[in-house]
Protein chains: 2
Amino acid sequence: MTRKAVNLKMLSEALGLSQTTVSRALNGFPEVSEKTRARVVEAAERLNYRPSPSAASLATGKSRLIGHVVSLSAHIMINPHFADFIAGAGEVYSESGYDILLRLAPLEEQERIYHNLAQDQRVDGVVVHGPLTNDRRIGILNALGLPFVVHGRSDEEGRDYAWMDVNNRRAFHRATEFLVDLGHRRIALVNGIEAMNFAARRRQGYETALAERGIALDETLMFSGDMTEPQGYRATRELLALGEPPTAILVASVLPAMGIARALGEAGLRPGPDMSVVAFDDCLSFLEPIDTDAPRDIPYFTAMRSSIREAGKRVARMLLDRIDDPQRPLESELWEADFVVGQTTAPPSRR
Amino acid sequence: MTRKAVNLKMLSEALGLSQTTVSRALNGFPEVSEKTRARVVEAAERLNYRPSPSAASLATGKSRLIGHVVSLSAHIMINPHFADFIAGAGEVYSESGYDILLRLAPLEEQERIYHNLAQDQRVDGVVVHGPLTNDRRIGILNALGLPFVVHGRSDEEGRDYAWMDVNNRRAFHRATEFLVDLGHRRIALVNGIEAMNFAARRRQGYETALAERGIALDETLMFSGDMTEPQGYRATRELLALGEPPTAILVASVLPAMGIARALGEAGLRPGPDMSVVAFDDCLSFLEPIDTDAPRDIPYFTAMRSSIREAGKRVARMLLDRIDDPQRPLESELWEADFVVGQTTAPPSRR
DNA sequence: TTGTATGCGTTATCAG
DNA sequence: CTGATAACGCATACAA
């Protein structure tokens, strides 16, 4: 057991080679002979040599850290959704020898933070979470030249940045049509915060579908806010208190959907027969059985479904690709959500 | 706008001082005169000087990074609980200029990872999540001399490491007593994975309380597994199918508690009147209304309650203190959970 | 294919 | 109170 960690100098001396050659051998440079490379690799293994990250970082300017700056303050949308996204991303990072640098900061500080992160060369790239419509962070990051990928989109075109998004508009369009086809005409929307682009798109899909079917919008049926369980609960109580309550609810996450189910239960109503509920389902892992061998239950909520964890993986890959080659053309990817019919939708009940 | 980031050399030349003096002034060394310090600080501000983290890290051996190594594989208990814990911890780190280094890795790799993290000096300290009974990570970390704090405990004494824990045993003891006092005698337990110390303690509290009241244990009423919504749902379906179902359920998290509520609802039973439910409530933020000005609802679940986010803050503080002074005596802290009576408990119903 | 010399941007040691 | 100078551990341009 060696007392002190062995560094490049010690390793090269032990091998009777120069630090240069050893470094090159370890970093896979082509000009080193396979024979020496084998020797070097063996010795490095045996002596338990590990390059110092800070020294390497100082020399190369690369930190092998990916920045994830998230706000806790207002948009707790981040909470369980974020955990699943990061789980997917982290898996990809690990395979490539990167780590996550996680920084919690209010949205209004994030521009300054990106600036500092770039100047300090603390991270090799960042993921932008929860983009607003016309999000200022994107312009800043482009100006800084820091590689980044946006989870979601910030504007209509999505041209001057790399992004991966779910087709939120189409998902909500389809779901609305599905409900209309079932015979519903009063359909409520319990949405996320509409300053966030994904929520704005969802509303567009909903409104467009209603308009196409000749159904007038009713502001009293539309809610926007943080996607928590109480949000769904409260919205439902308000909806049930209306003179003419809706017969169906579209909801932006299974979290408020659970609040909806609770409020309905308290009112003696059953999701499905008495009130249709369609949720956007991010496949949050704490809602899934762990044992995937077990027979799948019939899904409870009728849902638009897209795994946020898979999204995390994809975004991470895209970012690592950009870091490897910052000049590569901007990529973008739009995923369609599945539409899964569960137990919470039915034709409107006659009450 | 300066094109290139200004470094210590440039700053010192601009000031007509040596790098040494500038460095000392900036790092608050006592021997530098207040007058020069003021000059230096002003110039640093004006020229937008920021010390390079990797250079500082190379020179000092400190990375200003705190390691959080979490497993995704088996124990997804971590998922939403983890997000809230990290939100609390991150807040504290930010105030002190630390960042989180997040690494996802299966439990069996974590020992090696800690070893590497320490040897590489990649982090200044780590938080141990989800300790098992007799968790090997603790011995490893002590041997490595890497500062760490355990969230939870690994053994009875909790002597040779710093920890912060909730009194899980007492919480479940009290909850069990509460149910017995209401008249319940068949009380089910839907627990977390009992290899994890917190879950083992919870079971102890439950078993002890039953024994004290002369109630025999019934294995068919006890479940252990990942704390997901389906866990609660499935356990409840099994319980309801028993010849003699329980009249009350103790559950380790509000997540499975929601599954319990769903299964009861489907069976036409109401939590409270038909089946008492007591949950451990970590005050997960996605279950709380964001707007804290709003009048608080009457809590839904009767619950043992302790904020995991506050725990995150406390653990972070303890760790930063240890990093500042690794020789300080080992601290530990045991929090009592609140017991809050909600709408899901009542005397056993006559069916 | 391998080696020499230098730079990366700090902090720390030791003089003055 | 201030300043040269030497680490810190690696990568790389330039030589050989």
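Note that the coordinates shown come from a computational prediction; the quantities given were computed from them, not determined experimentally. (Residues numbered from 1 in each chain as written. Chains lettered and ligands numbered in written order. Predicted model: local features only at pLDDT ≥ 70, side-chain atom pairs only at ≥ 80, totals over all residues. Heavy atoms only, no water.)

A short note on the overall build of chain A
Each helix and strand counted, chain A has 12 helices and 12 strands in total. Its C-alpha atoms put chain A at 90 × 45 × 30 Å along the principal axes. Looking at chain A as a whole, 57% of its 351 residues qualify as buried. Counting contacts in chain A only where the partners sit at least 6 residues apart, residues at least 24 apart contribute 73% of the total. Accessible area of chain A: about 15,100 Å², with a carbon and sulfur share of 51%. (Helix = DSSP H or I, 4+ residues; strand = E, 2+ residues; numbered from the N terminus. Buried < 20%, exposed > 50% of the residue type's maximum accessible area, 1.4 Å probe, protein only. Contact = heavy atoms within 4.5 Å. Areas by Shrake-Rupley, 256 points an atom, 1.4 Å probe, with all protein chains shown as cover.)

Some words on the UniProt feature "domain: HTH lacI-type" (unreviewed entry) in chain A
Within the UniProt annotation, "domain: HTH lacI-type" (unreviewed entry) is assigned to residues 6-60 of chain A. As a span, residues 6-60 of chain A carries 67% helix and 0% strand, and end to end its C-alpha atoms are 20 Å apart. (UniProt positions renumbered as here; feature names shortened; annotations may be inferred.)

Some remarks on the domain arrangement of chain A
By domain assignment, chain A separates into domain 1 (8-51), domain 2 (65-166 + 307-335) and domain 3 (168-305). If you average the C-alpha positions of domain 1 of chain A and of domain 3 of chain A, the two centres end up 59 Å apart. (Domains from an automatic or database assignment.)

Observations concerning the sheet that holds strand β12 (residues 338-340) of chain B
Residue and element names in this part refer to chain B. Taken in spatial order, the 6 strands of this open sheet run β7-β6-β8-β9-β10-β12, and their pairing is mixed. In the strand order of this sheet, the two ends are held by β7 (222-224) and β12, each with one partner. For this sheet the average axis-to-axis angle between neighbouring strands, irrespective of direction, equals 15 degrees. Here strand β6 (residues 187-191) runs beside strand β8 (residues 248-251); their pairing, made up of 4 bridges, is parallel. Residue V190 lies in a different strand from β8, and its bridge partner there is V251. Running over the sheet, helix α11 (residues 254-266) touches β6, β8 and β9 (276-281) and is turned about 160 degrees from β9. (Pairing = 2+ DSSP bridges. Axes fitted to C-alpha atoms, helices over the stretch in contact; angles between N-to-C directions.)

Overview of the relation of the copies chain B and chain A
Take chain B, turn it by 180 degrees, move it 0.0 Å along the axis, and it overlays chain A with an RMSD of 0.1 Å. Taken together, the turn and the small shift mark the pair as related by a two-fold rotation axis. Take the interface residues of chain B: 100% of them recur as interface residues in chain A, which is what a same-surface contact looks like. (Least-squares fit on C-alpha atoms with pLDDT ≥ 70 in both.)

Regarding the packing of helix α8 (residues 168-182) of chain A against helix α9 (residues 197-212) of chain A
All names here are of chain A. Packing of α8 against α9 leaves a shortest axis separation of 7 Å and a crossing angle of 35 degrees. For the pair α8 and α9, the crossing hand works out as right-handed. Counting all contacts with α8, which are made through N168, R169, F172, H173, T176, E177 and V180, the residues of α9 involved are F198, R201, R202, Q204, G205, Y206, T208, A209, L210 and E212. A class-by-class count of the residues in the contact of α8 with α9 yields 6 nonpolar, 6 polar and 5 charged. (Left-handed = near helix turned anticlockwise from the far one by under 90°. Nonpolar A, V, L, I, M, F, W, Y, C, P; charged D, E, K, R; others polar.)

Focus on the pairing of strand β1 (residues 65-70) of chain B
All names here are of chain B. Buried residues dominate β1, accounting for 6 of its 6 residues. Alternating residues of β1 divide into L65, G67 and V69 and I66, H68 and V70, and every residue in both groups is buried. Where β1 meets strand β2 (residues 99-104), 6 bridges bridge the pair, whose relative direction is parallel. Across the sheet, V69 pairs through a bridge with R103, a residue of β2.

Describing the protein's contact with DNA strand C
Close to DNA strand C lie 27 residues, the nearest being T20(A), T21(A), R24(A), L8(B) and S23(B). Measuring from a phosphate oxygen of DNA strand C, one finds a side-chain N or O atom of T36(A) at 3.0 Å. Between T20(B) and DNA strand C, the recorded distance is 3.3 Å, taken from a side-chain N or O atom to a base nitrogen. Only α2 (19-26) and α4 (53-60) of chain A together with α2 (19-26) and α4 (53-60) of chain B provide two or more residues apiece to the surface near DNA strand C. The element best represented in the surface near DNA strand C is α2(B), accounting for 4 residues. Among the residues making up the surface near DNA strand C, the classes are represented as 10 nonpolar, 13 polar and 4 charged. (Near = heavy atom within 4 Å. Polar contact = N/O pair within 3.5 Å; in protein donor to acceptor, adjacent residues only side chain to side chain.)

Comments concerning the nonpolar core
Among the nonpolar cores identified, the biggest contains 135 residues, and Y93(A), L250(A), M304(A), Y93(B), L250(B) and M304(B) are the most heavily contacted of them. In contact with M304(A), not counting residues within four places along its chain, are A171(A), F172(A), A175(A), L250(A), V251(A), V278(A), A279(A), F280(A), D281(A), A337(A), D338(A) and F339(A). (Core = buried A, V, L, I, M, F, W, Y, C linked by side-chain atoms within 4.5 Å.)

So, the side chain of H173(B)
Residues and elements named next belong to chain B. If you trace the backbone, H173 turns up in helix α8 (residues 168-182). For H173, a relative accessible area of 17% translates into the label buried. Once residues within four sequence positions are removed from consideration, H173 is found in contact with G205, Y206, T208, A209 and E212.

Comments concerning the protein's contact with DNA strand D
Taken together, 25 residues surround DNA strand D, and among them L8(A), S23(A), T20(B), T21(B) and R24(B) come closest. Sugar plus phosphate: this is where 58% of the atoms of DNA strand D within 4 Å of the protein reside. At 2.6 Å, a side-chain N or O of T20(B) approaches a base nitrogen of DNA strand D. Between DNA strand D and the protein, one listed contact pairs a phosphate oxygen with a backbone N or O atom of S33(B) at 3.4 Å. For the surface near DNA strand D, the secondary-structure elements that each account for two or more residues are α2 and α4 of chain A together with α2 and α4 of chain B. Looking at side-chain class alone, the surface near DNA strand D contains 10 nonpolar, 12 polar and 3 charged residues.

Considering the interface of chain B and chain A
Counting residues at the interface gives 59 residues for chain B and 59 residues for chain A. Here chain B meets chain A over a buried area of about 5,300 Å², counting both sides, of which 56% is carbon and sulfur. Our enumeration of links across chain B and chain A arrives at 6 salt bridges. Of the charged contacts in the structure, one is a salt bridge between R50(B) and D120(A), with a shortest N-O distance of 2.4 Å. For the pair chain B and chain A, the number of links is 16 residue pairs in polar contact (both at pLDDT 80 or more). The greatest single-element share of the side of chain B that touches chain A, amounting to 9 residues, is contributed by helix α5 (residues 78-95) of chain B. Its residues placed into classes, the side of chain B that touches chain A shows 28 nonpolar, 14 polar and 17 charged. Two elements, strand β2 (residues 99-104) of chain A and β2(B), share 3 bridges in a ladder whose sense is antiparallel. When the bridges of β2(B) are listed, I100(A) appears paired with L102(B). (Buried area = accessible area lost by both parts, 1.4 Å probe. Salt bridge = Lys/Arg side-chain N within 4 Å of Asp/Glu carboxyl O.)

What about helix α9 (residues 197-212) of chain B?
Note that an α-helix has 3.6 residues per turn; residues three or four places apart therefore point the same way. Residue and element names in this part refer to chain B. Across its 16 residues, α9 extends 22 Å between first and last C-alpha, which sits within 8% of the 22 Å expected from 1.5 Å per residue. Turning to α9, its buried residues number three or more, namely N197, F198, A199, A200, R201, R202, R203, G205, Y206, A209 and L210. G214 lies just past α9 and shows a positive phi near 70 degrees. (Expected span 1.5 Å × (residues − 1).)

Side note on the sheet that holds strand β5 (residues 162-166) of chain A
Strand pairing in a sheet takes place through backbone hydrogen bonds and is either antiparallel or parallel in direction. Strand order in the open sheet formed by 12 strands is β11(A)-β5(A)-β4(A)-β3(A)-β1(A)-β2(A)-β2(B)-β1(B)-β3(B)-β4(B)-β5(B)-β11(B), with mixed pairing between adjacent strands. The open sheet has two edge strands with one neighbour each: β11 (332-335) of chain A together with β11 (332-335) of chain B. Strand after strand, the sheet turns through a mean of 20 degrees between neighbouring axes, direction not considered. In the packing of helix α12 (residues 308-324) of chain B onto the sheet, contacts are made with β1, β3 (125-128), β4 (148-151), β5 (162-166) and β11 of chain B, and the angle to β4(B) comes to roughly 160 degrees.

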